[in-house]
Amino acid sequence: MTDDNAQSTPQNAEKDPADWTTGDEPVTGPQLSYLQTLAREAGREVPEGLTKAAASELIDELQQQTGRGA
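Residues numbered from 1 in each chain as written. Predicted model: local features only at pLDDT ≥ 70, side-chain atom pairs only at ≥ 80, totals over all residues. Heavy atoms only, no water.

How do you make sense of the nonpolar core when you look at a structure like this?
Taken as a class, soluble globular proteins show a tendency for nonpolar side chains to be buried jointly. Counting residues in each nonpolar core, the largest one holds 9 residues, listed as Leu-35, Leu-38, Ala-39, Ala-42, Leu-50, Ala-55, Leu-58, Ile-59 and Leu-62. Those residues in contact with Leu-38 that lie beyond four places of it in its chain are Ile-59, Leu-62, Gln-63, Thr-66 and Arg-68. (Core = buried A, V, L, I, M, F, W, Y, C linked by side-chain atoms within 4.5 Å. Buried < 20%, exposed > 50% of the residue type's maximum accessible area, 1.4 Å probe, protein only. Contact = heavy atoms within 4.5 Å.)

I keep staring at helix α1 (residues 29–42) and nothing clicks. Help me out?
Note: α-helices contain 3.6 residues per turn, so residues at a spacing of three or four share the same orientation. Taking 1.5 Å of rise per residue, the 14 residues of α1 would be expected to cover 20 Å, and the 20 Å separating its terminal C-alpha atoms lies within 8% of that figure. Where α1 is concerned, the buried positions are Gln-31, Leu-35, Leu-38, Ala-39 and Ala-42. Relative to the axis of α1, the buried residues are bounded by an arc of 100 degrees and lie together on one face. Within α1, the exposed residues directed more than 90 degrees away from the buried face are Gly-29, Pro-30 and Arg-40. Tucked inside the fold, the buried residues of α1 contact α2 (52–66). Two residues or fewer past α1, Gly-43 is found with a positive phi of approximately 70 degrees. (Helix = DSSP H or I, 4+ residues; strand = E, 2+ residues; numbered from the N terminus. Expected span 1.5 Å × (residues − 1). Arc of directions from axis to C-beta.)

How do you make sense of the packing of α1 against α2 when you look at a structure like this?
Helix-helix packing is described using two parameters, namely the angle between the two axes and the distance between the axes. Direction vectors running N to C along α1 and α2 enclose 35 degrees, while the axes themselves pass 9 Å from each other. At the point where α1 passes α2, the crossing takes the left-handed sense. Side by side, α1 and α2 meet where Gln-31, Tyr-34, Leu-35, Leu-38, Ala-39, Glu-41 and Ala-42 of the first sit next to Lys-52, Ala-55, Ser-56, Leu-58, Ile-59, Leu-62, Gln-63, Gln-65 and Thr-66 of the second. Considered class by class, the residues forming the contact of α1 with α2 number 9 nonpolar, 5 polar and 2 charged. (Axes fitted to C-alpha atoms, helices over the stretch in contact; angles between N-to-C directions. Left-handed = near helix turned anticlockwise from the far one by under 90°. Nonpolar A, V, L, I, M, F, W, Y, C, P; charged D, E, K, R; others polar.)

Take a look at the structure:
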């Protein structure tokens, strides 16, 4: 028996940072700390004035670049 009301996407699916309701808020301390670590490993600078959403996207990019991403 199937549940016709079940969603086709997993409940733990990641939401696009552009769609976050808090995405325009300033970067969090933990995000900034991790970004600084990744940027140092990648030989890059962390831009000033990042939002939570922009920081998340940059983390994804730098994880790919450094091989730290899952």
